[in-house]
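Listed below, chain by chain, are the residues.
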Amino acid sequence: MVTHSVVLVILLSLSAFFSAVETAFTSLSFLQIQDLKRRRPEKGGRIEKTRIHSENFLTTILIANNLVNIAASAIVTRLTLLSFGDAFLGVSTGLVTLVILIFGEVTPKRLAITHNETICLCAVDVVIALSWLLRPLVYFIGAISLVLTRVFGPAPGQKITLEGVVHLVNLAQDSGVLEDDTTQMMKSIIHFDEVKVQAIMTHRTRIFSLPADQTAGKVVDRVLSEGYSRIPVYENNPENIVGVALAKDIWKACYEGRRKVTLKSLMIQPVFVSPKMSVYKLLSTLKEHKVNLIVVLDEYGGLAGIVTYEDLIEEIIGEIYDEDEEKTTGKITAQDDGTYKILGDTPLYLINDSLGTSFPIKKSSQTLGGFLLDLEGNIPLAGEQIATNEGVFIVERIVRGRIILAHYFPKKP
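Residues numbered from 1 in each chain as written. Predicted model: local features only at pLDDT ≥ 70, side-chain atom pairs only at ≥ 80, totals over all residues. Heavy atoms only, no water.

## Remarks on a nonpolar patch on the surface
Together, Leu98, Val99, Leu101, Ile102, Phe103 and Val106 make up a nonpolar patch on the protein surface, roughly 510 Å² of accessible area in all. With respect to the element layout, Ile102 can be found in helix H5 (residues 89-114). (Patch = residues over 30% accessible without salt bridge, like charges linked within 9 Å, V, L, I, M, F, W, Y side chains within 5 Å. Areas by Shrake-Rupley, 256 points an atom, 1.4 Å probe, with all protein chains shown as cover. Salt bridge = Lys/Arg side-chain N within 4 Å of Asp/Glu carboxyl O. Helix = DSSP H or I, 4+ residues; strand = E, 2+ residues; numbered from the N terminus.)

## Considerations on the sheet that holds strand S1 (residues 202-203)
The mixed open sheet is built from four strands, whose spatial order is S1-S7-S6-S5. Sheet topology places S1 and strand S5 (272-273) at the edges, where each strand pairs with a single neighbour. In the packing of helix H13 (residues 279-289) onto the sheet, the strands contacted are S5, strand S6 (293-297) and strand S7 (303-308), and the crossing angle to S6 comes to about 130 degrees. Running at roughly 70 degrees to S7, helix H14 (residues 309-317) makes contact with S1 and S7 of the sheet. (Pairing = 2+ DSSP bridges. Contact = heavy atoms within 4.5 Å. Axes fitted to C-alpha atoms, helices over the stretch in contact; angles between N-to-C directions.)

## A word on the pattern of salt bridges
The final tally for this structure, using the stated rule, is 12 salt bridges. Between Asp125 and Arg46 there is a salt bridge, with the nearest N and O atoms lying 3.0 Å from each other. You can see Asp125 sitting in helix H6 (residues 116-133) and its partner Arg46 sitting in helix H3 (residues 41-52), a full 79 residues away along the chain. For Asp125, a relative accessible area of 36% translates into the label partly exposed. Residue class for Arg46 comes out partly exposed when judged on its relative accessible area of 28%. Of the charged contacts in the structure, one is a salt bridge between Glu256 and Arg258, with a shortest N-O distance of 3.0 Å. Residue Arg258 is classed as partly exposed on the basis of its relative accessible area, which comes to 37%. Within this structure, Asp35, Arg38, Arg39 and Glu117 form a network of salt bridges that share partners. (Buried < 20%, exposed > 50% of the residue type's maximum accessible area, 1.4 Å probe, protein only.)

## Side note on the packing of aromatic side chains
Pairs of aromatic rings are described using the distance from one ring centre to the other and the angle between the two planes. Applying the stated rule across the entire model yields seven aromatic pairs. Their ring planes at 75 degrees and their centres at 6.0 Å tell us that Phe359 and Tyr408 sit as a pair that is edge-to-face. Of this pair, Phe359 sits in the loop between helix H15 (348-355) and helix H16 (368-376) while Tyr408 sits in strand S12 (residues 402-410), placing them 49 residues apart in sequence. Each member of the pair Phe359 and Tyr408 is classed as buried. Put simply, the rings of Phe359, Phe371, Phe393 and Tyr408 pair up and form one aromatic cluster. For Arg135, the ring lying beneath its charged end belongs to Trp132, and the centroid distance is 3.9 Å. (Phe/Tyr/Trp six-rings, centres within 6.5 Å; stacked < 30°, edge-to-face > 60°. Lys NZ or Arg CZ within 6 Å of the ring centre and 35° of its normal.)

## Focus: helix H10 (residues 216-226)
Among the residues making up H10, those that are buried are Ala216, Gly217, Val219, Val220 and Val223. Down the axis of H10, the buried set is contained in an arc of 150 degrees. They therefore lie on one face. Relative to its buried face, H10 has exposed residues pointing more than 90 degrees away, namely Lys218, Asp221 and Ser225. Those residues of H10 that are buried lie in contact with strand S2 (210-211), strand S3 (230-234), helix H11 (247-255) and helix H12 (263-266). (Arc of directions from axis to C-beta.)

Dropping the structure here:
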């Protein structure tokens, strides 16, 4: 009787162990595995290998757990028959089922979710040894299971996607692990290679430029008042950019008494890029040519805009303000009624990430303004409504064919 009781306790302990190991391994995330490989290279590698061959692992654990539970039930049945006869067989079966459920299944699995890394490190060698011991049975059961599951088609493999990474960042924000600013910065970095130059450039209608034949003395006051350190220089018309003048060179020329020197003799050669270039490649171009300002030309060779290092940095960390620059609200401003005021130059990916929308991002429409223009097919008027599958936009401000501000009314669920 005592021997049977000791064996029963051992079997219940093994049942709890196998249940905990199963939950610990299946709940281990990809990031946890990579962290274990970094901290404990050998055991971390074995844990990763075990997870890769999860079918063999699960089959091994399930076989062992079922054998233990069946053996425990058999011993309880034996003890009941010897002590009370078959009249109490139903009661004993119910009791042993309840005990196994509480102490062999539910409780170990709850503990395993909290301490999955520790359990995996301690149990991985036992699991590997057990899989070798039960290999013939594992392969036999696995083969039968594989034939049956083929009827339902292959299971989709897990892979890391950008959407998954963004979801993980959102989850970290919701959990309080990341601040709002940090979250937005990480999303911007994730989408860095997807954003095109046209989404961050300063449009040609907003460029401050100077004619090449003007002298330093005549333009120095305007340069001081505008506050730009680099000024595009044009010939004949403002869209024919032929160089970039540095404000410090203009000031230096005036300080040295060369006020009549023209900007053409002071300027440096410009670097031209396409608006379709990704900002990641733009960063390489800025580094390669050792410039801070690049001229953007459209497909016909006309001026599309300019882009600077500051634009790139703002794409990652948000708006940067000088000491004399007035601070404005963000690109997306929530209203009390659940609607949003959105600037026309806001990248679509930022809107999708912030508002949970799924507006399509195309090469021709990287920003909200471009998206609405493509959707409408022509230049809308102020106050005009533009309907989408996810809500309605009302154009509030438009300047020279460019949408400056729109009011977004999300579609109600």
